[in-house]
Structures are given as structure tokens and as C-alpha cells.
Amino acid sequence: MTRLASLARRPWIWSFVAALTVWAVTILFTGGASTVGLSQAALTFAAFSILVGIGQMFVITLGPGNIDLCVPATMTLAGTVALKFMNVDNSLILPGLIVAIAIGVAVGIGNYALIKLLQIPPIIATLSMSFIVQSTAIWTNRGLRIKPPEVLAKFTTETTAGIPNVAFVALVLSVLAFLLLQKTVYGRWIAAIGQSIRAARMAGIPVDGTRFITYILCAVLAAICGYLLASFSGGAALNMGSEYLLMSIAVVVIGGTAVAGGDSNVPGIWGASLFMFLVVSMLNTYGAGAGIRLIMTGLIIIAVIVLAGGRNPNQR
Amino acid sequence: MRKILSSDTIRLLIPALSLTILLIAVFYLQPRAMSYIGLNLLFNLAVPIALATIAQMLIMTVNDLDLSMGTFVSFVACVAATFLQATPALGLIILAAAVATYAALGVLIHVRNLPSIVVTLGMSFVWGGLAVLILPAPGGQAPEWIRALMISKPPFVPMAIIASITIAVVAHFLIMRSSFGVILRGVGGNARSVERAGWSILGARAATYALAAVFAILAGISLVGLTTSADANIALRYTLLSIAGVILGGGEFTGGRVSPIGAVIGALTLTLAGSFLSFLRISPDWQIGAQGAILIIVLGLRLLLNRLERREKRA
């Protein structure tokens, strides 16, 4: 029982419990007919939320006020430009990925330059940046819908051994992120900065460099997500990132990462992302309309945070 | 710049200055805007944005952030275009319930020590869902009285200007001059000392949220007065616009440092930036981007002036 008790204290466990419950309820309703399809769809769509969620988590860990609102615009720009660059040519898949990553790096540098040089609060800095990035995407896209290269489209939509390929990508990047957070100095540094930026500075941590890298990391993950999502959905759309703004924040917080910073949690993002998708599909199976679905989603987010939150009374 | 200017005045100076420069630029590009009708057209849409900005500013005064502002204003707009128009009594009850919900959110956030960002994020789905339920497709009709008020033409000064000044003055007295406002800003600055001085922080938070809801409701109603019909997504931009307006007007995210007059000026600047860009004949592709650029330039100016201020203090 002690093992169970220590498991219950993990902040991420609740998002998995919630996801499993919703999954079971949905399966029960359909009498088990949709088990495989639902699980595969959940893993596929959760994979995209996980990618942006991990990036957002790194940024949120930096402490109060750190949030990247540029995520949707970065996704859109990376998706559009990468598809345009590849131009349905299978041999350009890898260079296309590099183009997407380069866009992420550029956006990240821009974000942090605004935060540091102009001393703008991160929310406003990334917001202004997102306006500019979104405009660039509109300018490059011009309403054209270029298809992804066939091999890439196949890769993103198909499964290997029953598990969607994009979920594998998300898994690899999650493990890397987990190792980065738990086993490297960099991971300790961002946690330290999130707990107290002054103390971190006095301890000799390169605060600016660490924050700089973190904003780049977040933008790069968003760019990779945009690249995959655009290939998955058969072309980049200008609004393809919009729902991921709130989603990226929601999965981080439901996953048990402290909003006040300094305490992050990779496994929780998986639970939360699966949960967010499954809630919507559960409400769909029960035949709820769009309005009811939105209301239920909102109430569930609040219920989760009320139940799981308030752990640390000293933090906001 | 001698001692006469307090640092609060300097904070207000930058937003005012940027608004003036933008206005001059617009007049230079399009001299016909320098008229009664021109000014009204330029600032018409600023009225709901200014009200939403004041609402966001109230929440920011107590160190919170409301990410549901846009969906809430949309929800109110839908209520105003349907219930408030057809059955005013029922409409008022719904709006009163919305205010009560906001107050309850304030209590919940305080009692359970929850991050306001997440709770309001959840609420943004709820308001959005309710708005979709009320108006699944764009439609409805604005109540006659608000339509009449929004398009009324008072002598000499356009309605939009009068409304903006009224909003700024009312908010200024409420936040900067009343004892209630002092407690609010105290909660943002140092909640513990306010509590030790014998005030209820719980009450203050609940009141802040309720008051913010009132301003947001006014924003929704005035928006419907301008557009004559509503839509569940009508004001989604307001979440980010209102935050940007507060910051542009010299407010801070923490510490209860806000400026109501600055917030209204910030909202006006953001609205004017859109018109300025269309007068410049910038391709529509770049309009949003240029708005971002203007935001960055104004904030850069602020940094510059803050540095000057600090240097003067040292001297």
C-alpha cells in the first residue's frame, strides 16, 4: 500500500486517472466496438498537444509571467514554409524539417530579444511577435494549400504495430525532454530560475542564457509540431495553430506542472493531452452539441485544477 | 522634466504621447479624418475595447489575469442581442448571474489558491459554449436604446470621445481615488499587509471580479450597439487586446501598479493603430504584423523614458 500511496502523491497521476476514466466511459457506451479506433485517434491527436505542451512547459517552468503566446503562429509559419519548400518532393523531407526547425530557432531568438532588450513582459513580447509571425505566414501562404510529400503524409497518418507514428515521435521527444529536465544541469537551472530568479542569479546560474535557450526550445517544438500537423492534415492552413494556444497551456497545468514555475512534469503532459482529446470524443459519442461540449470541457478543466491544485499555498 | 512630474505622470506621458503621434500621422495621411464624423469613425470601436481593457485592468490589479475576457464579452454580446432585446427582465437576470459567477470565481481562486490563468482558461470554454448555445449562427438584434445611445450625435464632441473620457474618469475615481480602489491596489502590492490592517482580501477579490464583470458586460452591450447583431465569436480578440491595452497604458502584471486613464489611452492607441495602417495602404497581409510592430515600438519608447527617469533620479 505504501507504493500506492506514494504513487497517489505524484502530481501527474491524476491526469492519467482522469484520462483512463473518460476512456473507459466512452468505450462502455459503444460496447467496446471503438476501442482500437478511439485509442489510436487519441494517441495521434494527443501527440500534437504533447509536442507543444512540452515546449510550453519549459517556458512556464521559468517562473511567473513566463508564457509563450507565439506557439500557434510559429506552428502555422513552420507548417506553411516547410510545405512550400518541400513542394511535394519526397527527397526534400529532411531539409524541410530543418527549414521548420530553423524557423523555430528564429522565432525563439526574436521572442527573447524582445524580452531581454526591450524588457517587455514575456506575455506581451510573445504576443507582439506572434502578430508578426502570423502576418509572415499569411504573406507566404496566400491561400494556397500545398500538399505534403507523399512519404511524409503517409508517415504521419499511418501506424506502426498499432501505434500511430506521430505518437512515437512525441514519445522520443518526451523522453529527451524528461532527461533534459531531470538529468542535466540545464534542467536544474530552469527549475532554480523558476523557484527564485534572484537566488538563481546569486548562485551564479547563467540566467539569461538559460532563458534564451528555453524560449528557442519552445519555439522549435512548436515548429516541429506545425510541420507534422501540416503533413498530417494534408496541407497547412492559416488557422491550424489557433486551438493549440489554450491547449498548450491547459495540458501543462492539468499535467501537474506548477503554474508559478520551478516544478515541471513531463508524464503529466501525456495524461493531460490524452484526457483533453478523450473528453471531447466522449461528449461526441454521447451526442452533445458544440455548446454543451465546450461548457463541459471548461468545467472539467476547472474541476481538475480545483481537485489537484492548491498544493502549494505560498504560490499564486 | 523637473520635480513637477511624478513618476506616475511620466508613466502616463508615454501612452499619451504615442496616441498623439499616431493621431497626427493619421491626420497627415487623411486630413478628412480631422472632422466630427471622421473622429467618430476612428474611435467608434474603441469604446467596447476600452471597457474590456478596464475590466482586464481590474483583474490585473489583484495580480491575476483573465484569459476568458474575449469569450465573456462575446457571451454578453449574444445575451444582449437576444434576451436583453426580447425580454429585458430575463436578460438582466442572466447578466446579474454572470456577475455573481465572476465574484464566485474570485472567491474560488482565493480560497483554493488557484492560478487565475487556468481557472479563467476553463471559464473561456464555458462562456464560449454558452454563447454558441444562445446564438448557434450569427444573428440577434441590438436593443433599441443602446443602438440609439451608440449612434447618438452630441454637439461638438463625437460620442466615441465622450464615452472614452467618461470611462477613463469613472475608472480613475474608482481605482485611484476611492478607498475601495486603494484596498484593491494594496492587495496587488502586498496582500499580507492589507490583511493585517484588518481588511478581508477575500471580499476585495470577489468585489474586483464582480466589478470587472460589470465593465466587461458594458463592453459587450456597447459592442452590440455598434454592430447591431451578435455572434459567438464576435469579441475573441478582446482577451489579447485588453491585456495589451493595459500594458500599453503603463500597467504592470504584478504589484497593483495600474493606470485607468493609461488603459483607456492604450485601448484607443490599439484601435487607432489599425486605422493608421489602412490609411498607409499597407497590404492586408501585414496589418496584424504591423500592429505587433507598433506595440513593440511603443514599449521600446517606454523603456527609453524609464531609463531617463532613473538617470534623473540618480542625478
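Just so it is clear, the model here is predicted, and its values are computed rather than measured. (Residues numbered from 1 in each chain as written. Chains lettered and ligands numbered in written order. Predicted model: local features only at pLDDT ≥ 70, side-chain atom pairs only at ≥ 80, totals over all residues.)

Secondary structure assignment for chain A yields 14 helices and two strands. Relative to a compact globule of 316 residues, whose C-alpha radius of gyration would be 20 Å, chain A shows 19 Å and is just as compact. For chain A, the C-alpha atoms occupy an extent of roughly 60 × 55 × 35 Å along the three principal directions. Looking at chain A residue by residue over its 316 residues, the buried ones come to 53%. Across chain A, contacts joining residues at least 24 apart in sequence account for 78% of those joining residues at least 6 apart. (Helix = DSSP H or I, 4+ residues; strand = E, 2+ residues; numbered from the N terminus. Rg over C-alpha atoms; globule rule 2.2 N^0.38 Å. Buried ≥ 20, exposed ≤ 12 C-beta atoms within 10 Å, placed from the backbone. Contact = placed C-beta atoms within 7 Å.)

It is worth spelling out the interface of chain A and chain B at this point. Opposite the 40 residues of chain A that make contact, chain B presents 36 residues. Of all the secondary structure elements, the ones that give two or more residues to the side of chain A that touches chain B are α6 (122-141), α12 (243-254) and α14 (290-308) of chain A. Looking at the side of chain A that touches chain B element by element, the count peaks at 13 residues for α14(A). Here the side of chain A that touches chain B is built from residues that sort into 27 nonpolar, 11 polar and two charged. (Nonpolar A, V, L, I, M, F, W, Y, C, P; charged D, E, K, R; others polar.)

Residue and element names in this part refer to chain A. At a minimum axis distance of 8 Å, the contact between helix α3 (residues 35-61) and helix α13 (residues 266-285) shows a crossing angle of 135°. Relative to α13, the element α3 is oriented oblique. As for how α3 packs across α13, the hand of that crossing is right-handed. Contacts between α3 and α13 involve Leu38, Ala42, Phe45, Ala46, Ser49, Ile50, Gly53, Ile54 and Met57 from the former and Val266, Ile269, Trp270, Ser273, Leu274, Met276, Phe277, Leu278 and Ser281 from the latter. (Axes fitted to C-alpha atoms, helices over the stretch in contact; angles between N-to-C directions. Parallel < 35°, antiparallel > 145°, perpendicular 65-115°, else oblique. Left-handed = near helix turned anticlockwise from the far one by under 90°.)

All names here are of chain B. The terminal C-alpha atoms of helix α3 (residues 46-61), which comprises 16 residues, lie 22 Å apart, in line with the 22 Å expected from a rise of 1.5 Å per residue. For α3, the buried fraction is high: 16 of the 16 residues fall into the buried class. Immediately downstream of α3, the backbone of Asn63 shows phi near 70°, a positive value. (Expected span 1.5 Å × (residues − 1).)

Once that is clear, we can look at the packing of helix α12 (residues 238-248) of chain B against helix α13 (residues 260-279) of chain B. Residue and element names in this part refer to chain B. Where α12 contacts α13, the two axes come as close as 7 Å, and the packing angle between them is 120°. Between α12 and α13, the interaxial angle falls into the category oblique. In this structure, α12 crosses over α13, and the sense of that crossing is right-handed. Between α12 and α13, the contacting residues are Leu241, Ala244, Gly245, Val246 and Leu248 on the first element and Ala263, Gly266, Ala267, Thr269 and Leu270 on the second. Residue classes in the contact of α12 with α13 are distributed as seven nonpolar, three polar and no charged.

Time to look at the nonpolar core. Residues Val73(B), Val76(B), Ala77(B) and Ala216(B) are the most contacted members of the largest nonpolar core, which totals 217 residues. No other element matches the 16 residues that helix α11 (residues 207-232) of chain A contributes to this core. Apart from residues lying up to four places away in sequence, Val76(B) is in contact with Leu95(B), Ala216(B), Ile217(B), Gly220(B) and Ile221(B). (Core = buried A, V, L, I, M, F, W, Y, C linked by C-beta atoms within 7 Å.)

Phi at Ala161(A) is positive, roughly 55°, even though this residue is not glycine. You can see Ala161(A) is positioned in the loop between β1 (159-160) and β2 (163-164). When the 5 C-beta atoms within 10 Å are taken as the criterion, Ala161(A) is described as exposed. Of note in this structure, Thr228(B) is not a glycine but carries a positive phi near 70°. Positionally, Thr228(B) belongs in the loop between α11 (201-227) and α12.

This part covers α11(A). Across its 26 residues, α11(A) extends 37 Å between first and last C-alpha, which sits within 8% of the 38 Å expected from 1.5 Å per residue. Looking one or two places after α11(A), you find Gly234(A), whose phi comes out positive at around 75°.

A few words on the environment of Ala104(B). Inspection of the secondary structure puts Ala104(B) in helix α6 (residues 88-111). Taking the C-alpha atoms as reference points, Ala104(B) and Met123(B), 19 residues apart in sequence, are found 12 Å from one another.

What follows deals with the confidence of the model for chain A. Residue and element names in this part refer to chain A. For chain A, the average pLDDT comes to 83, and 93% of its residues sit at 70 or higher. Within chain A, α11 carries the highest mean pLDDT (91), whereas helix α1 (residues 2-9) carries the lowest (66). Segment residues 311-316: pLDDT under 50, and eight contacts once partners within four positions in sequence are set aside and those in other chains are kept. (pLDDT = per-residue confidence, 0-100.)

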